[in-house]
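# Inside the fold
Here's the letter readout for the chains.
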Amino acid sequence: MEPIAVHVSTVEDSRRWRHVTLRPTDVVISTPPKCGTTWTQAIVASLLWPDGDAPVARPWPDWRLGSVEEMAAALDAQTDRRFLKSHCPADALPYDSAVRYVFVYRDPADAFVSWGNHRANLRPDVVAALNESAAHDGIEPIPECFDGDYDVLFEEWSRFWSPAVHLSRSVDLRSAPNALFLHYADMHADLPWAMRRIADFLEIPVDPATFGVQVARCELHEMREAARGTQMDRAFDGGADAFFYLGGSGRGRRLLSDEQVGRVTALTASLLSPDDAAWLTTGDIA
């Protein structure tokens, strides 16, 4: 089924998915930015390749930079089970009942301050290239550098990358048998539980003899080490250390002012039911 909406931001363009031919075995990992996208990719890779020999190259269909034809060709060339990253909400993604969709969300306050760290370290030349591409879609440019003013940052974040916005456009899939909704706080609280849940959902057998190693491979420090020398070094000042910063939960409410937390909370409440807003803030385990 074709998407019923479009998601176009400074970073993403959901229309690029029109060039992707889904396969029944595909896994689509959809999250707002800074809500565990790369982490979930690493988990799926560790489950599918218990020996840690997963292919490194993983095209990102939404990413507005680069040739869409080359992205589609690279995906078509993959012969293993594919997992495709997206920051687009469900209504902007193609839907196939045979495909598995994994959605991951995070306390909006935590995602907000993590986005601030992301923006502070994203190299200005990368932001300039994104702004140039987005200008063709009439999107106003975002500042090339984040100066630490969260009141200013809130305007760009709330337009495109708030978890509440993403969940409000994806929540209709929560009851679908081929969709799994996870919370970052739950994954952080009990990573083995989260990995078993993902494995069960994707019907990936888990070998108790190797599972401990598979879990360890997905710890923050291990992912940070594995990412050294990759494209993160070219995109971020500080490379993998900047991208994989602190993780965890609760930092947003410690760093933001009461007024800023209030703006984040009000946005969430305006878009979601009370139950969905409460889940987005705390997750299941909490």
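I will try to describe carefully the structure that is included in this document. Residue positions are counted from 1 within each chain, in the order its sequence is given. A pLDDT threshold of at least 70 governs which residues receive local features in this predicted model, and a stricter bar of 80 or more applies before side-chain atom pairs are shown or counted, although totals over entire chains, interfaces and linings include all residues. Hydrogen atoms and water are omitted, and side-chain values are computed over all heavy atoms in the structure.

## Brief notes about helix 14 (residues 258-271)
Helix length check: helix 14, at 14 residues, gives a terminal C-alpha distance of 20 Å against a target of 20 Å (1.5 Å per residue), a fit within 8%. Every buried residue belonging to helix 14 is among Gln260, Val261, Val264, Leu267 and Thr268, and all of these are buried. The buried side chains of helix 14 occupy one side of the element, clustering within an arc of 125 degrees when seen end-on. The outward face of helix 14, more than 90 degrees from its buried face, is lined by the exposed residues Asp258, Glu259, Ala269 and Ser270. The inward-facing, buried residues of helix 14 contact helix 3 (108-121), helix 5 (150-160), helix 6 (163-168), helix 13 (251-255) and helix 15 (274-282). Under the DSSP-based scheme used, a helix requires at least four consecutive residues in state H or I and a strand at least two consecutive residues in state E, with every element numbered from the N terminus. Helix span, as expected, comes to 1.5 Å for every residue beyond the first. Buried, partly exposed and exposed residues are distinguished by accessible area as a fraction of the type maximum, computed with a 1.4 Å probe on protein chains only: under 20%, between the cut-offs, and over 50%, respectively. Directions are taken from the helix axis to each C-beta atom, and the arc is the one they span. In this analysis, two residues are considered to be in contact whenever any of their non-hydrogen atoms come within 4.5 Å of each other.

## Things to note about helix 5
Every buried residue of helix 5 is listed here: Tyr150, Leu153, Phe154, Glu156, Trp157, Ser158 and Phe160. For helix 5, the secondary structure elements touched by its buried residues are helix 3, helix 6 and helix 14. Its side-chain oxygen placed 3.0 Å from the backbone nitrogen of Asp151, Asp149 serves as the N-cap of helix 5. Pairs of N or O atoms are called polar contacts if they sit within 3.5 Å, as long as, within protein, a hydrogen donor faces a hydrogen acceptor (for residues adjacent in sequence, only side-chain-to-side-chain pairs).

## Notes on the pairing of strand 4 (residues 179-183)
Buried residues dominate strand 4, accounting for five of its five residues. Two strands make a pair as long as DSSP finds a minimum of two bridges between them. One ladder, built from five bridges, connects strand 3 (residues 100-105) with strand 4; its direction is parallel. Each bridged residue has a counterpart across the sheet, and for Val104 the counterpart in strand 4 is Leu182.

Read these as layout, nothing more, since geometry by itself doesn't imply function.
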